[in-house]
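What follows is the residue order along each chain.
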Amino acid sequence: MSLGKDTLLRIDLGKPDEPNQVELGRKDEAKVYKMFLDHTGSHLLIALNTSECLYLNRSVQKVRALSRWKGHLIESVGWNKFLGSETNTGPILVGTAQGQIYEAEISVSEGSLFSTNPDQYFRQVYTLEEESGPAPVCCLEIERGIEGKFFIIATTRKRLFQFVGKVPEGTEQQGFSSIFAMHADHLPSFREFPASFGFSEIAFYTPKLRSNPRSFAWMMGNGVLYGTLDYSRPDSILSDERVWVYPSDIDITVNKPISIVLTQFHFLLLLPDRVKAVCTLNGQVVFQDLFLEKFGLLTRMIKDPTVQQIWIHTEKVVFRYHVQRESRDVWKMYMNMNKFDLAKEYCKDRPECLDIVLAKEAEHCFQNKRYLDSAKCYALTQNYFEEIALKFIEARQEEALMEFLIKKLSNLKPSEKTQTTLLTTWLTELYLNWLGILEGDPSQRNLYLDTREKFRTFLSSPKNKDCLFNNRASIYELLASHGDTEHMVYFAVIMQDYERVVAHHCQHDEYDEALNVLSRHRDEKLFYKFSPVLIQHIPKKVVDAWISMGSRLDARNLIPALVNYSQSASTQQINEAIRYMEFCVYQLEETQQAIHNYLLSLYALCRPDSLLSYLEQAGTNPNRIHYDLKYALRLCAEHGHNHACVHIYKVMELYEEAVDLALQVDVDLAKSCADLPEDDEELRKKLWLKIARHVVQEEKDVKKAMACLSSCALLKIEDVLPFFPDFVTIDHFKEAICNSLEDYNKHIEELKREMEEATQSAKRIREDIQEMRNKYGSVEPQEKCAACDFPLLNRPFYLFLCGHMFHYDCLLQAVFPNLPAYKQAKLEDLQKKLAATSQPSKSHHRPKDADTISLGKGQQSREQIKADIDDIVAAECVYCGELMIRSIDKPFIDPQKYEEEMQSWL
């Protein structure tokens, strides 16, 4: 800031309380004409009205004269924003009042700041002219585009010039001479306006620091030329240009604008006594600030590119402006200009404004018959739903109405279930109506297919799934009312309502499709429900499907379908039922009685050969047979399968009935049945007698009867003779009688031999008993009881042959807990009797004879009791006998006393 002809005031906005004054050191009458500060605040050029120029660096206090610049009145400076530094400006452009453009570079050295001239060079590169000749260079701006292309903008009072050219990579430090050299023979592109008020000024809007400007505003005689900058264009970066004339209250002959500043949406014009802000979108004055006379006339306005603040000063004061919320009302202007996308961009954080823009855009599209776009916008607004819907209905725009409903549906919240249901149902109705119209018009085939695909997408949408599922009955009714069976099936599949799908296919005789649905979704309940219908028409495929389901199907639930089918089908078709039952029995190893009974019934009806093999394979153990024996017997008897009945009789152990029935079939079969009761010889003999009687009386075959005698050792000739008639001669069974007599003789001899052996055994036993009576054992005085380890001879004791010795009471204590209950009771009774016989006499002076008599009578009873006790207690050694063997699996601690014993150890 220049405070006079010889003083500068520098203020660092970071430290506003520490201003710095710099003296120019001029003794003459020179005054400051203009000052030019670069965007970093490092370099200051001071133009004097004496056609001299001074330089001041931010880091020093002393001003330095630029000798090469002398003789030129500086009007403008184009700073190099790409190569400059704090000590070097890089190549810059300088415009003079004579229309000359010079290229220069200023550099200072930190070690010896002013030991050399700061201006490295100062050379002319171009001269700007108007119709009357050279004109002052009012403004200069250097910008770099893409691919190393540079754009230089220079203005005079009436013209705006553009110099475009490339600077080879790596040569940027050499300056811009090459760009101006390209226009040495012809004029560069320029814009010219007729009016002039002696000067012009151009301002640029840069959204961010160190970025390229986005727009420009050139203040000249005819108004303000405003436009955007497009760096992709080859020859000019000026784009979307238009001229905003000055407001009506500005008379350029009286109070012409002094300066201009450009913001994002406005340009500010500085007048001698006021500031006006004009909107770049519509040219309207949106702000005006009038200054009082006491401040003096306004002289200059400039914008700080770093913090985007605007500075205005008079000869007395300095004002600072902050731009806040500049874009708050821009949306209205864009909306009025029908630039709805930009309008929505600048009010996206203000829902109430966005709603106004959307409503306006929707109305605009509707009036221009862009109904689909209108529907999309209306769906985002808060306008009354009924009004919008009626609007499209009155215009007969069903497609747009559907689009509106779809968008509206997508914007609903999950809690708005009633609205969702209403829109979903209405859309379904509209889709069906539209499809019905298009389907009947062959020329609209492609549109029909496209609409059908949209409808299916709508039905399968995950967002609509819950609503459609909850209201599926209504949707089914709509589909049915339109006769759209195709989409009814499609919707049923989406809803996983496979029962309806299968039923539909069955009603239309599409049995293969129905079975495919069942096989694909493998629902057991559906198989049970539809198998009775399907097996009537495609039995083999149905059975294959059942088999593929494996154990997931319960064959018992399929038996009703098979029963109905088998009652009306041929033998070949019944084989399919047998095939599935065999799969269940042999592959799945089913044990359900109903399954085996039904397989038996099928075998009995169509496959008698397989019936017997099945029965034999099932075995003869009734506990392992899964069919009902009584049912099987009745079934085989009804169909005359006697061989199978015989087998069942054998399994039921009804051998007499088995033999009786087998004799009607085959004697050999009867023989095999007769040998089955191996443990009951009397029954076996009875069965063989039945066979013999049948052979003799029915077949009248004596030889075969004799063969029966040889087949069963229990039969004798005398058992069979009563069956023969009187006229039969003995010659037929003479040999059998002889054999029988020989067997009797042999048996008598065996009995004799056994009797002799028994006599000898009795004799040996008597001798052993006599020997045992005389056997004895010796006991040493130091011997101890095997149980208590106390001396043995202190109390009554037992001596066993194995060598173990026990006190009487110790042996009794060891044996008693292991005796059966009845023996324990008997032993206690004997002990009581023994104690009773051992009571001492109350009188010690009884007669001797009487005492002897009493002793004789009691001695026999006492000895007998003791013998009985010995038989129980001393039957065997407690350590070597069976008692020890039986106690192997007995726990050491009684389970009932385990808890008590465990607590005693804690």
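Use the structure listed above.
First, a word on scope: everything that follows refers to the structure included in this document. No experiment lies behind these values; they were computed from the predicted model shown. (Residues numbered from 1 in each chain as written. Predicted model: local features only at pLDDT ≥ 70, side-chain atom pairs only at ≥ 80, totals over all residues. Heavy atoms only, no water.)

A few points about the side chain of Gln162
And step 1. If you trace the backbone, Gln162 turns up in strand 15 (residues 159-166).
And step 2. Among the polar contacts made by the side chain of Gln162, one reaches the side chain of Ser236 at a distance of 2.7 Å.
And step 3. Dropping the residues within four chain positions of it, Gln162 is found in contact with Ile152, Pro188, Ser189, Asp235, Ser236, Ile237 and Leu238. (Helix = DSSP H or I, 4+ residues; strand = E, 2+ residues; numbered from the N terminus. Polar contact = N/O pair within 3.5 Å; in protein donor to acceptor, adjacent residues only side chain to side chain. Contact = heavy atoms within 4.5 Å.)

Here we look at a negative patch on the surface
And step 1. Among the surface-exposed residues, Glu750, Glu754, Glu756 and Glu757 lie close enough to one another that they form a single negatively charged patch.
And step 2. Tracing the backbone shows Glu754 in helix 28 (residues 734-773). (Patch = residues over 30% accessible without salt bridge, like charges linked within 9 Å, V, L, I, M, F, W, Y side chains within 5 Å. Areas by Shrake-Rupley, 256 points an atom, 1.4 Å probe, with all protein chains shown as cover. Salt bridge = Lys/Arg side-chain N within 4 Å of Asp/Glu carboxyl O. Lys, Arg positive; Asp, Glu negative; His and termini not counted. Charge placed at Lys NZ, Arg CZ, Asp CG, Glu CD.)

Comments concerning the pattern of salt bridges
And step 1. With the rule as written, the count across this model stands at 28 salt bridges.
And step 2. Taking the shortest distance from any N to any O, the salt bridge between Arg370 and Asp373 comes out at 3.4 Å.
And step 3. On the basis of relative accessible area, Arg370 is assigned to the partly exposed category, the value being 38%.
And step 4. Asp373 gets classed as partly exposed once you look at its relative accessible area, which sits at 32%.
And step 5. Among the charged side chains, a network of salt bridges with common partners joins Lys540, Asp544, Glu576 and Arg579. (Buried < 20%, exposed > 50% of the residue type's maximum accessible area, 1.4 Å probe, protein only.)

Details of the sheet that holds strand 13 (residues 139-144)
And step 1. As summarised here, the arrangement of the 4 strands in space is 13-14-15-16, forming an open sheet in which the pairing is antiparallel. Either end of the sheet is taken by a strand with one partner, and the two such strands are strand 13 and strand 16 (189-192). With strand direction ignored, the average angle separating the axes of adjacent strands in the sheet is 15°.
And step 2. One ladder, built from 4 bridges, connects strand 15 with strand 16; its direction is antiparallel. When the sheet's bridge partners are listed, Arg159 is paired in strand 16 with Glu192. (Pairing = 2+ DSSP bridges. Axes fitted to C-alpha atoms, helices over the stretch in contact; angles between N-to-C directions.)

Looking at the pairing of strand 17 (residues 201-205)
And step 1. Burial within strand 17 is extensive, with 5 of its 5 residues counted as buried.
And step 2. Both strand 17 and strand 18 (residues 215-220) contribute to a ladder of 5 bridges, which runs antiparallel. Its bridge partner being in strand 18, Ile202 is matched across the sheet by Trp218.

Section: a nonpolar patch on the surface
And step 1. Taken together, the side chains of Phe892, Ile893, Tyr898 and Met902 present a nonpolar region at the surface, about 470 Å² in accessible area.
And step 2. Relative to the elements of secondary structure, Tyr898 occurs in helix 33 (residues 898-905).
And step 3. A residue is classified by how much of its surface remains accessible, and Tyr898, at 43% relative accessible area, is partly exposed.

Details of the environment of Asp273
And step 1. Mapped onto the elements of the fold, Asp273 is located in the loop between strand 22 (266-270) and strand 23 (274-279).
And step 2. Considering only alpha carbons, one finds Asp273 and Asn255, 18 residues apart in sequence, at a separation of 9.0 Å.
And step 3. Ignoring any residue separated from it by four or fewer positions in sequence, one finds Asp273 in contact with Asp289, Leu290, Phe291 and Leu298.
And step 4. Within polar-contact distance, the side chain of Asp273 engages the side chain of Arg274 at 3.1 Å.

Remarks on helix 9 (residues 445-460)
And step 1. Helix length check: helix 9 (16 residues) gives 23 Å between terminal C-alpha atoms against 22 Å at 1.5 Å per residue, within 8%.
And step 2. Looking at the buried positions of helix 9, the neighbouring elements they touch are helix 7 (398-410), helix 8 (417-439), helix 10 (462-470), helix 11 (472-481) and helix 12 (485-494). (Expected span 1.5 Å × (residues − 1).)

Overview of the packing of aromatic side chains
And step 1. Tallied over the entire structure, the rule returns 27 aromatic pairs.
And step 2. Look at Phe82 and Phe150: their rings are 5.9 Å apart centre to centre, the planes differ by 80°, and that puts the pair in the edge-to-face class. Of this pair, Phe82 sits in the loop between strand 7 (74-78) and strand 8 (92-96) while Phe150 sits in strand 14 (residues 149-155), placing them 68 residues apart in sequence.
And step 3. With centroids separated by 6.0 Å and ring planes inclined at 35°, the aromatic side chains of Tyr126 and Phe180 adopt a geometry described as tilted. Taken together, the positions of Tyr126 in strand 10 (residues 119-127) and Phe180 in helix 1 (residues 177-181) put the pair 54 residues apart, joining distant regions of the chain.
And step 4. Overall, the relative accessible area of 1% leaves Phe180 in the buried class.
And step 5. One aromatic cluster is present, formed by Phe366, Tyr371, Tyr378 and Phe392 through successive ring pairs.
And step 6. The residue whose ring lies beneath Arg123 is Tyr121, and the NZ or CZ to ring-centre distance is 4.1 Å. (Phe/Tyr/Trp six-rings, centres within 6.5 Å; stacked < 30°, edge-to-face > 60°. Lys NZ or Arg CZ within 6 Å of the ring centre and 35° of its normal.)

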